[in-house]
Amino acid sequence: QVRLVESGGGLVQAGGSLRLSCAASGRTFSSYGMGWFRQAPGKEREFVATISWSGGRTYYADSVKGRFTISRDNVKNTVYLQMNSLKPEDTAVYYCAADKVFRRVVVPTQPGEYDTWGQGTQVTVSS
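Residues numbered from 1 in each chain as written. Predicted model: local features only at pLDDT ≥ 70, side-chain atom pairs only at ≥ 80, totals over all residues. Heavy atoms only, no water.

*Asks:* A description of the pairing of strand β5 (residues 46–51) should follow, citing residues and the corresponding values.
*Replies:* In terms of burial, β5 is largely enclosed, as five of its six residues are buried. Note: strand β4 (residues 32–39) against β5, five bridges, orientation antiparallel. Bridge pairing in β5 links G35 to T50. Once β5 ends, the chain turns through six residues before running back antiparallel as strand β6 (residues 58–60), passing G55 with a positive phi of about 90 degrees. (Buried < 20%, exposed > 50% of the residue type's maximum accessible area, 1.4 Å probe, protein only. Helix = DSSP H or I, 4+ residues; strand = E, 2+ residues; numbered from the N terminus. Pairing = 2+ DSSP bridges.)

*Asks:* An account of the state of the cysteines is requested, with residue identities and associated values reported.
*Replies:* Following the criterion strictly, the structure yields one disulfide and no others. The disulfide partner of C22 is C96, and the gap between their sulfur atoms is 2.0 Å. Note on the C22 and C96 pair: the S-S dihedral is about 55 degrees, so by sign convention the disulfide is right-handed. One end of the pair, C22, is in strand β3 (residues 18–25); the other, C96, is in strand β9 (residues 92–102), with 74 residues separating them in the sequence. The burial state of C22 is the same as that of C96; both residues are buried. (Disulfide = S-S within 2.5 Å.)

*Asks:* Any details on the side chain of R104? Residues and values, ideally.
*Replies:* Among the secondary structure elements, R104 is positioned in the loop between β9 and β10 (114–117). A distance of 3.1 Å separates polar atoms of two side chains, one belonging to R104 and the other to E113. Residue contacts for R104: discarding those within four places in its chain leaves W53, D99 and E113. (Polar contact = N/O pair within 3.5 Å; in protein donor to acceptor, adjacent residues only side chain to side chain. Contact = heavy atoms within 4.5 Å.)

*Asks:* Give me the lowdown on the side chain of T78, citing residues and values where you can.
*Replies:* Along the chain, T78 falls in strand β8 (residues 78–83). Dropping the residues within four chain positions of it, T78 is found in contact with S21, C22, A23, F29, S71, R72 and D73.

*Asks:* So what's going on with the environment of P111? Which residues, and what values?
*Replies:* Relative to the elements of secondary structure, P111 occurs in the loop between β9 and β10. Of the residues examined, P111 reaches a relative accessible area of 32% and is grouped as partly exposed. Considering only alpha carbons, one finds P111 and D62, 49 residues apart in sequence, at a separation of 17 Å. Setting aside its immediate chain neighbours within four residues, P111 contacts F37, R45 and W117.

*Asks:* I'd like a rundown of the pattern of salt bridges, residues and numbers included.
*Replies:* In this structure the tally under the stated criterion is six salt bridges. For the salt bridge of D90 with R67, the shortest nitrogen-to-oxygen distance reads 2.7 Å. Separated by 23 residues along the polypeptide, D90 in the loop between β8 and β9 and R67 in the loop between β6 and β7 (68–73) bring together distant segments of the chain. Of the two residues examined, D90 and R67, each falls in the buried class. By sharing partners, the salt bridges in this structure join R38, E46, R67 and D90 into a single network. (Salt bridge = Lys/Arg side-chain N within 4 Å of Asp/Glu carboxyl O.)

Here it is in structure tokens:
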């Protein structure tokens, strides 16, 4: 069974940057796509970015495209989310998740397609 642990959240001013990390253990990390999602108070969990098992394909929500970058290091079993030009509306708890399908070519954006989630890390952007 895979375990995911996020880190790197915090408080930052608008326009600033943060880098989130998600360390995986317990399953062959390199064979599964990964996703980042976020959930703001009173809102549903929403897709942020995905990366394929090889790292060759990435996909972003329109709201973060051009500002966020997802990457992975399959040696360190870690996926990252570099967040630049942060806005107050980026404030949320950020979760990483592992795709439930082995080596899926197109990593899904729906939360229901992920079977393992981290505990989340809070990101707060002040105006």
